[in-house]
Every structure is written in C-alpha cells, then in structure tokens.
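Architecture and fold: a report
Below are the chains, spelled out letter by letter.
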There are 2 protein chains.
Amino acid sequence: MRKADYPAQTEQWDVFEYRTEGISSGNPFVERTIRGSFRSGTREVKVDGFYDGDGVYLVRYMPDEPGEVSFTIDGNYGGDRTEPFMGSFSVTKATEGNHGPVRVQDRTRLFYTDGTPHLSFGTTCYAWVHQSTALQEETLASLTASPFNKIRFCIFPKHYDYNYNEPLTYPFEGTPGDTGGLDRSSMQRFTEEKPGNHWDFTRFRPEHFRRFDERIRDLMKHGIEADLILFHPYDRWGFDGMGAEADDRYVRYCVARFAAFRNVWWSLANEYDFIRSKKAEDWERIGRLVTACDPYGHLCSVHNGPTFYDFSRDWVTHCSCQGTSRYRSTEQSAEFLDRYQKPVVWDEVLYEGNIDLGWGNITGEEMTRRFWEGMLRGAHVGHGETLLDAVDEQVDDAILWWSHGGRLKGESPERIAFLKKILKDVPGGPLLNQDPACWDAVCGIPANAPAGSYYLYYFSFLRPLFRDFHFPEDTVYRVDLIDTWNMTVTPLGEMSGNFRVVTGGKPWMALRLTRV
Amino acid sequence: MRKADYPAQTEQWDVFEYRTEGISSGNPFVERTIRGSFRSGTREVKVDGFYDGDGVYLVRYMPDEPGEVSFTIDGNYGGDRTEPFMGSFSVTKATEGNHGPVRVQDRTRLFYTDGTPHLSFGTTCYAWVHQSTALQEETLASLTASPFNKIRFCIFPKHYDYNYNEPLTYPFEGTPGDTGGLDRSSMQRFTEEKPGNHWDFTRFRPEHFRRFDERIRDLMKHGIEADLILFHPYDRWGFDGMGAEADDRYVRYCVARFAAFRNVWWSLANEYDFIRSKKAEDWERIGRLVTACDPYGHLCSVHNGPTFYDFSRDWVTHCSCQGTSRYRSTEQSAEFLDRYQKPVVWDEVLYEGNIDLGWGNITGEEMTRRFWEGMLRGAHVGHGETLLDAVDEQVDDAILWWSHGGRLKGESPERIAFLKKILKDVPGGPLLNQDPACWDAVCGIPANAPAGSYYLYYFSFLRPLFRDFHFPEDTVYRVDLIDTWNMTVTPLGEMSGNFRVVTGGKPWMALRLTRV
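Just so we're clear, the structure is a prediction, and the values are computed from it rather than from any experiment.

1. As for the pairing of strand β26 (residues 454–458) of chain A
Residues and elements named next belong to chain A. Burial analysis of β26 places five of its five residues in the buried class, the great majority of the element. The alternating pattern of β26 places Tyr454, Leu456 and Tyr458 and Tyr455 and Tyr457 on opposite faces, both of which are buried. Here strand β25 (residues 442–446) runs beside β26; their pairing, made up of three bridges, is antiparallel. Counted as the bridge partner of glycine 444 is leucine 456 from β26. The sheet contact formed by β26 and strand β31 (residues 509–515) spans five bridges and is antiparallel. Each bridged residue has a counterpart across the sheet, and for tyrosine 454 the counterpart in β31 is threonine 514.

Set out below in structure tokens:
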C-alpha cells in the first residue's frame, strides 16, 4: 500500500488534506486521477484531488459542520488497480475569527457562513505572489495592518507598464521567450503575438501553485478573502490564449487545489473583455466549470474592462464591477443593486496614485469619497494604489501596491479604516441601504433596524454650511458631525422635531442621526 | 395726425424704435394693434409693435445691414381708421463691440452674426431685475467686471427659499395675495394653490417691462447676452399657470418688446418639467409662437429640471442643459453634441456655494472643473453662485448671486476668466473639439486648425506626475504647463518625437502643446 497521511482532526471551515504517494512516471497531470468522497450524516460531497509533483497526490476538503466525517479516496493515481482508501476524521467547532466562507444572503448582501455580516473592503495587488519573497512578506504585513479584508490577485504573472520583470515561477513546464530590453512600447508588442515562448500546458509546475496555497493560507489566518483571478489580458507568455482544453485543465486544477480554502473567491478574469482570444461562450463554459467543480459554492464573478459582464448569469454570484468612466463609479451602486439583484462589489474605482496612466492618479480624497458613496448605498468597495515617489530613470521599476504590493503610501487607507469603524457601529449590523427620500445627499440607513432609527448622511464633495431636518416633534436624535477626511466625530447633542444642524461648509462631511 | 417720433439713423443690429401716441381708453393691450413693415433692398420684415401705457405705442426693429430702410406702420392703435404711417431711416455700420446676434453655425457652434466666434460663458441671477435698483446696479457692475458674457434671468418674479420678498413691480395689473410671514415651508404652500392673488392677465404693467428694456440694453452695451426666461415654476402669484390664452398674449408681448435687442436669447422656461400646469403640447405651442413672432431667429431653447427637453425639435436652436445628476454634467458634452447635433449650453452645473440645498454647495474647484470639462469638449458652460457669509437669523434674507445678483464672492469667476483667456489664444479661433484618440484625459483640439497643430490636455481631478507623448520624430511642440487653479502658465520649452512631460502630481493641471 502507498504511504498516505491525513490529520485525525480538522476545524470546521478549515482545510482537511489527504496526502498520498502515487505514480510519478508519464504525465500524472493528464493520465492520473484522484478523487475524494466525504460523508457527514446523510450528506456526501465529492471532490477532485490533484497531483502536486514528486509522486505526491493531494485531496483537499473543507468540512462545514462539527462532527465525524468518513471518506473514501479513489482514482488511478497509484496505478489502474489502486484500491480505494477509506478513513475518517473529526471536525471541531470553528474558533474565533473563523466565520466560514462569505456567501450571498438576502439577495444583495454578503454574510459569512456563520451569519456574521460581511462588508467587503477590498484591495488589489495583481502580481504580488509573483514578486520576491521579501516583498511578499512586506505586502502581508501591510495588509494585516490595513482595513482591507479582501485582496484580488492573479495566478498568472503580469506583463504591463511597470511590470516587466519575470515572475518567481511559471505555472507550466517550459521556457519563456527572450524578452530582454522590455519597455513601455512592449505592451503593443505582446498584444497579438507572444514570440519565443515554449510551454507544455499539460504539465503544471506545482511549486508555482504551492506558493499560492501558502499565500491564501496566510490571508485566511488574517481574515482576508483571496479573490483569485484565473485569467487576465496583461500577458507576454501566452497564458491568456492557451485554448479551451488547456484552459479547462487549468481551471480544474485551480479549483481542486484552492477550493477548500474558505477565503477563496473566484474571479474568472480581470478585464475579461480585453482578452481577445476568449469569447462569450468561453466565459460561460469556464464559469459553469468552476461552479460544477467547486462543491462549496464560493463567490464567483467576472471583472470587466469597458463593458460589464452579464452579471445576471446564474453562476455569477455578485457583480464584480469596474466603473466604465473615469467620472462615475460607486455613485451607481443603487442602480446596479436594483438591476442585478446581486451584491455589488466595486473591484476597481481607479487608483489613488500619480502615475501617468489615466486610471492611476486619483487623490486620497477621491478614493475615500468612492468608498463612502458605495458603502452607504449598500455596495462593497475595493481600493487600489499607484503612488510613485518620483519621476526618474528608475520609474519603470517602481514598486506599486496595485501590482507588486509592498508598502501602502496613500492617504486613503487610514480613512477607509475610519469608515469601517463607523459602519461597524451601525445598529443592527453594518449593512446599509440608500434612503430613497434623500434626494440631495447620500443617506445610508440600516437594512434591518426600525425605520427612522438611524441615518448616516454623507455630503461628499458638496459642502453645505447647514442642513435642516424635519421630524415629528417628539422624535429625538443624537446628532454627530463626522469629518470623513480628518477622521473626527463631533457630538452635537440631542435634537428633536424641526432642527438645524450647522455642518460647517467643508467638503467630505457626514452627519449621523441616531434615534434616542 | 398722432404725434410720432423716430430716429433718422440707427446702427446695424441696434434697436430702431418708432414711438407714437394712440388710444388709451378701453384695454389697448387686447383691443388695439400696431405693426411695422420694414424694407431694405428686396427684403421686407414685418413685426408687431406693442402698447407701452399712457397712450404710447412702440414698434421696434433691429436692422441687420447698413443702408436705407423704409417702413410702414399700421394698425388700429389710433382708432379703426388710423392711416398707415410711412417713413425711412438710414442704418450705419456696426461699431466696435457690436457683432450682431449670436447664431448657430457649423451645426454645433455659436458665432455672432458678423462671423466672430462666440464661446458662451454664462451666469445666472434669476431674479436680479426684481430686486432694488441699488442691488441691480451692483449686479451690473459685478457682471461687467466678470468673465461672463451671458446672464439668465426671469421676467416673472421668483418665490423660493431665500426668495420671499415681493418684486419691485408686477407684470400685470392687480394685487398679490397677502403672504405675510413666509418662510421655508411656504414652498409647499404654493405649489398647487396661489391664495389671494387677483390679477388681470389682459393688462400688462408697462413699467415692469420697461425695466427689462433698460436692463437688456445695459447688458447689450457691455456685450452680455440676455437669456430671458419666459416661464418658471418658482411662483406664488399664479404666473406659472395663467392658461394658454394669457400665456400666448404674454409671449407675444415679450417678443414684440424684446426681440429687437440683438443680445436676447429666448429661454421658454427654467426647469420646464416642474411647471405642472403646462404639458408637452403647451411648450410646443409656445416654442412655435416665439419662432413665428421673432423675425430675427434669436436663439431659443427650454431648460430642464430632471428631464431634458426634446432638444431635437426644429424650433429649439441649442441644448440648454442642466445636468440630471449631482455627479455628472459637462463631462457629457461630447455625448450630447453628437446626439442632438446642436450647440450644447450648460445652463446649470450646480452652484459654487454653501447653502443647505444639495444643488447649491459645490466648491470653486468643482465649478472651475466643470467649465474646463465642457469648454474643451466644444460645449458652453454657465456659472452660478450661492455663497452665504454665515448661518444666522438673517440667513433667509441673504443676497445670493444665483437669484438676487449683487457681488460675486466665489473663487471660480477669476479662474473662469483665466480659462477664457486660454481659449482666446487657441489658434484658429476658440472653438474646440474633444480629441477622440485621447482616452484618459480631456483633450481639446481646434475645430478649424490643421490636424496635430494644437492640443490642450486637461487632467481635471486626476493628478499624473508625468505624461509621455509619442509623435513623429520631426514634430516639434512648444509645451506649456498650465495650473488652472493657481492660474499660471509655465513654459517647458520645445519638445519633439517621443517625450516626457513632468506635470507635477497635483489636480487641476493642463498641458498645452503648440506645434512650432
């Protein structure tokens, strides 16, 4: 019998991993199979395992309730006559900080599986797992000190302005083209042709994917969701145009490998509409494949460039939006919540930065505004940063959070943390709707608190000197003036009936009315 | 024969006025007529005159070319057997500063009749002609010192927050309702009913209209267009719901009275869609009536509240736009120019101010931005201001430029003057198109200059640290860095081929490339 190993005990929503030796000759990635079948009570969940190189096969499973789980492992990983392996393990209750995967509930809202409301404060470091280990560690440290509880990143390496370096590892066996002397004009050069690459798309490089295992686990430990981007257009290696067979093999491998991590979200693509080699039917096929292979129903969407994906597709769990104009983004949240009846997650609202490219140079004020606008309308907002220290000869090698990770330098993260705290204090959970009666400001109201019990007005770039309110005479509110930029909350006392609040005439102010 | 008077000589595009005594008994406004027929060369123009009270009748005519004009005056103004009066006068060539009326040319552009390009830098003081004479004089002084070359204002008085005072005069004989103790809740009170008013809509009060004559003439002298608003919804006197017969009589009176002033534009309404008593067919009837009565074809449009008027109607000369969201305005200029194929004039882009109402508290930066965004896309932009000095017990009596006129206090007018100067320096006239090749900034290009000869990039609220340009090697540009807020132009020298411009990483910057 083959040497196998697995733990006797796993925490609820943690990764149970069955490890076994198997055949390493030939091409195990395409010639060998390993599957697990997990039973708890009357339920049975079937999952694919995967080959991890060096004669090792893994089957991962995420148990979702405390108790005993019995399982069977089969497949031809040990040869055509491999005997099924049967075993069992016990599942302990989730410990503090482990709330299970994020799911859609109440149509447009996000909750952890244990019922804790989830407001997604995302950020993006597309290629951070492709950078040096030291830089990855710095990114992790920055993340854990930040307000962000989700990060978007790519499994494939990235080629773009400011991104000319080779990745730490490649996802497939083979060799990249000689691309010495890359510069800003190389974007053009690689749009259609990818010269000199030689890849065997049937042979994964497990070391590449093992690093993602580690990083997803690191994020999980810190309560950060991993929004995994399966495909993207910014490529000089040809991974954006491998053909349907290789795409599907890769997708199956990713799902088998990563789905047992509770913090995984599937993002089929960054800017799907810039990937010329894939058509609508390809995305549909890939989306259905992810859904079919993932037994846990992780969140799954497709992020757009100029044109929204059809978020109404049944396998799309939420709208992963990029604003389609420099001028508009999260102000449109209520419109899209209404149109799609799914959670709206703004995964790009431009970048706090100062780079030359037009999507990468909004101010900290504008980034903070976009968070308030979206969050108060019941959407979720993601941050990004592209801040250069200087324009010099090394500018193309700059470390930018947006892609490389590293250190957060912008002014918005601190303000986003302040907003997160304000929203955490909302009675009845942090989930907010836009008050439809408020025509000239943003006014968030709790979804599940009594009507009229709480209002959070946000005046955005507007700067009224005062505001009048008209309530029934016996209605008393505790009024707080919030400076969203300077991060102060000033109590103005209790007010009732018709009252006037002096708001000061500066931009970025908010008012909080809590019924006493 | 009745005593009559008229000048022997009038300047081209100036007002020729024939004045005669006539019958004052009965109701001359409805029972009497006076018409003029003016012949120069083979052309004949017929105009209606009007009764000016006290037994005086006027016929006004705007000659449009130098030479001799002969004319006939007839009608029953002197009794049923009044003899036609025949006379003539000579027309002298327009003197400096007199360019004739503004007209549409090249489909989407504005020119004075003498061929001088016109960029409309508007402002709005809705009720300034209804305020005290001293305040009107202050408004005029402010206007002539400002960059603004158009002002929107109402012939009917205004009732709204901050506008509770009675007008200097009323347009009709009669008495207003007793409206003592008006306050902010009175808006509601007057939306449907207008209690206590007693007006005779068949009898105009000429003194009311004479003040408008004077003010239009004052504006004309200073080269400022008078965008006359015929109807508006902010009313406690019932002038917004007089019925079709009275509306038409009033419109005919206004056209007979004001059309000979070359600087008149007709605005059928401010926020037509808030006037509940008038339907689409009323606006169409009024629009056709204005066009039929006005022999000079003055610019004519209808300004919207939440919903654009159908600017494609043939009697609508230009789009008189108000943005339909707090967040969007002049960025949409290219879209509307393309859709309507008519000049786009943004007559409300919110107000630089700090009042409580959500449309009245943008910053000077935002107002300035909206001008740059619109003007560089080939549209025209109008300013407005609602700046309070303080919130105190007198706040409801504040003098706000938006409605009362007075003194400009905002930060934007100076910057708008700076933009006006920049646009005046554009080679080949100040008219700009948006460069369709520029995806990530606004880039105005001259409509009638050689391709590639001039680019004006505006980075708006974005703040790139630098920008790269890619031109053929032998193409040399003089590069100027423009700070649109601090109003500086910094020459950066001549650059050619592929070059990098350090733009500094602050918002509100622009770059000007002039081919050498």
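2. Quick word on the domain arrangement of chain A
Residue and element names in this part refer to chain A. Each assigned domain of chain A is listed with its residue range as follows: domain 1 (4–92), domain 2 (119–172 + 189–315 + 382–424) and domain 3 (432–515). The C-alpha-based centres of domain 2 and domain 3 are spaced at 38 Å. Listed per partner, the contact involves four residues of domain 2 and four residues of domain 3. When grouped by side-chain class, the residues that make up the side of domain 2 that touches domain 3 number three nonpolar, no polar and one charged.

3. Here's the deal with the interface of chain A and chain B
Across the contact, 29 residues belong to chain A and 29 residues belong to chain B. With three residues, strand β27 (residues 466–470) of chain A is the largest single contributor of residues to the side of chain A that touches chain B.

4. Points about the relation of the copies chain A and chain B
Note: a rotation about an axis with an accompanying shift along it relates these two copies of the chain. For the pair chain A and chain B, the best superposition has an RMSD of 0.0 Å and corresponds to a rotation of 180° with a translation of 0.0 Å parallel to the axis. In the structure described here, the two chain copies are related by an operation that fits a two-fold rotation axis. In this assembly the copies share their binding face: 100% of the residues contributing to the interface of chain A also contribute to that of chain B.

5. Observations concerning helix α6 (residues 280–293) of chain A
With 14 residues, α6 of chain A extends 20 Å between its outermost C-alpha atoms, agreeing within 8% with the 20 Å of an ideal straight helix rising 1.5 Å per residue. Tucked inside the fold, the buried residues of α6 of chain A contact α5 (244–258), β17 (264–269) and β18 (300–301) of chain A.

6. Section: helix α2 (residues 133–144) of chain B
Residue and element names in this part refer to chain B. Counted at 1.5 Å a residue, the expected span for α2 with its 12 residues is 16 Å, and the 17 Å between its end C-alpha atoms agrees. Those residues of α2 lying buried are Gln136, Thr139, Ser142 and Leu143. Summarising the axial view, the buried residues of α2 lie within an arc of 120°, below the 170-degree limit, and thus occupy one face. Residues of α2 that are exposed and angled more than 90 degrees away from the buried face: Thr133, Ala134 and Glu137. Those residues of α2 that are buried are in contact with β13 (150–154) and α4 (206–221).

7. Describing the packing of helix α8 (residues 364–375) of chain A against helix α10 (residues 412–424) of chain A
Residues and elements named next belong to chain A. Orientation of α8 relative to α10, taken along the N-to-C sense of each, is 20°, at an axis distance of 9 Å. By the criterion of interaxial angle, the relationship of α8 to α10 is roughly parallel. Crossing hand, α8 versus α10: right-handed. From α8, Gly364, Met367, Thr368, Phe371, Trp372 and Met375 reach across to α10, where they touch Ser412, Arg415, Ile416, Leu419 and Leu423. Partitioning the contact of α8 with α10 into residue classes produces seven nonpolar, three polar and one charged.

8. Focus on the sheet that holds strand β2 (residues 9–11) of chain B
All names here are of chain B. Read from one edge of the open sheet, five strands run β2-β9-β8-β4-β5, paired in mixed fashion. With one partner strand each, in any of the chains shown, β2 and β5 (43–48) form the two edges of the open sheet. Here the average twist between neighbouring strands, direction ignored, is 30°. Both β2 and strand β9 (residues 85–92) contribute to a ladder of three bridges, which runs parallel. Following the sheet pairing, threonine 10 is matched in β9 by valine 91.

9. A few points about the packing of α5 of chain A against α6 of chain A
Residues and elements named next belong to chain A. Remark: α5 packs on α6, axes separated minimally by 10 Å, with the N-to-C direction vectors making an angle of 30°. Taken together, the axis directions place α5 and α6 in an arrangement best described as roughly parallel. Our pair here, α5 against α6, has a crossing hand that is right-handed. The residues of α6 that touch α5, namely those facing Ala244, Asp247, Asp248, Val251, Arg252 and Val255, are Asp282, Ile286, Leu289, Val290 and Cys293. The class makeup of the residues in the contact of α5 with α6 is seven nonpolar, no polar and four charged.

10. With respect to the environment of tyrosine 455 of chain A
All names here are of chain A. Mapping tyrosine 455 onto the fold places it in strand β26. Classification of tyrosine 455 as buried rests on a count of 21 C-beta atoms within 10 Å. It is 14 Å that separates the C-alpha atoms of tyrosine 455 and methionine 375, two residues lying 80 residues apart in sequence. Setting aside residues up to four positions removed in sequence, tyrosine 455 forms contacts with Asp435, Cys443, Ile445 and Leu513.

11. Overview of the environment of aspartate 294 of chain B
Residues and elements named next belong to chain B. Position of aspartate 294 among the secondary structure elements: in the loop between α6 (280–293) and β18 (300–301). Between the C-alpha atom of aspartate 294 and that of lysine 46, which follows or precedes it by 248 residues, the distance is 9.6 Å. With residues up to four places along the chain from it excluded, the contact list for aspartate 294 reads Val255 and Ala259.

12. Re the sheet that holds strand β16 (residues 225–231) of chain A
Residues and elements named next belong to chain A. The eight strands lie next to each other as β18-β17-β16-β13-β12-β22-β20-β19, forming an open sheet whose pairing is parallel. Of all the strands in the sheet, just β18 and β19 (319–322) have a single pairing partner and so form its edges. Pairing between β19 and strand β20 (residues 344–348): four bridges, direction parallel. Opposite cysteine 319, over in β20, you have valine 344 as the bridge partner.

13. As for the pairing of strand β10 (residues 102–105) of chain A
Side-chain positions along a regular strand alternate between the two faces of the sheet. Relative to strand β11 (residues 109–112) of chain A, β10 of chain A runs antiparallel, the two being bridged by four bridges. Looking at the pairing, valine 104 of chain A lines up with leucine 110 of chain A of β11 of chain A.

14. Digging into the confidence of the model for chain A
Overall, the predicted model of chain A reaches an average pLDDT of 95, with 98% of residues at or above 70. Interface confidence in the predicted complex, given as ipTM, is 0.94; pTM for the same model is 0.96.

About the cut-offs
- Within any chain, residue numbers begin from 1 and follow the written order of that chain's sequence.
- A letter from A marks each chain and a number from 1 marks each ligand, given out in the order of writing.
- Local features in a predicted model are, by the rule used here, given only for residues with pLDDT of at least 70; side-chain atom pairs are given and counted only at 80 or more, and totals for whole chains, interfaces and linings are based on all residues.
- Counting other C-beta atoms within 10 Å of a residue's C-beta gives its exposure: the residue is buried at 20 or more, exposed at 12 or fewer, and partly exposed in between, where C-beta atoms are placed from the backbone.
- Only runs of H or I of at least four residues qualify as helices and only runs of E of at least two qualify as strands under DSSP, and these elements are numbered from the N terminus.
- Here, any two strands with at least 2 DSSP bridges between them count as paired.
- Domain ranges listed in this record stem from an automatic or a database domain assignment.
- Residues are treated as contacting if the C-beta atoms built from their backbones sit within 7 Å of each other.
- By the convention adopted, Pro, Cys, Tyr, Trp, Phe, Met, Ile, Leu, Val and Ala count as nonpolar, Lys, Arg, Asp and Glu as charged, and the other residues, Gly among them, as polar.
- Alignment of copies: least-squares fit on C-alpha atoms of residues with pLDDT of at least 70 in both copies.
- Multiply 1.5 Å by the residue count of a helix minus one, and that product is the helix's expected span.
- It is the directions from the helix axis to the C-beta atoms that the arc portrays.
- Angles here are taken between N-to-C directions and fall from 0 to 180 degrees, while the axes themselves are lines fitted to C-alpha atoms, restricted in helices to the stretch in contact.
- Should an angle lie under 35 degrees it is considered roughly parallel, over 145 roughly antiparallel, and from 65 to 115 roughly perpendicular; all remaining angles are considered oblique.
- By definition, any crossing whose near helix is turned counterclockwise from its far helix by less than a right angle is left-handed, and any crossing with a clockwise turn is right-handed.
- Confidence of the predictor in every single residue is expressed as pLDDT, which spans 0 to 100.

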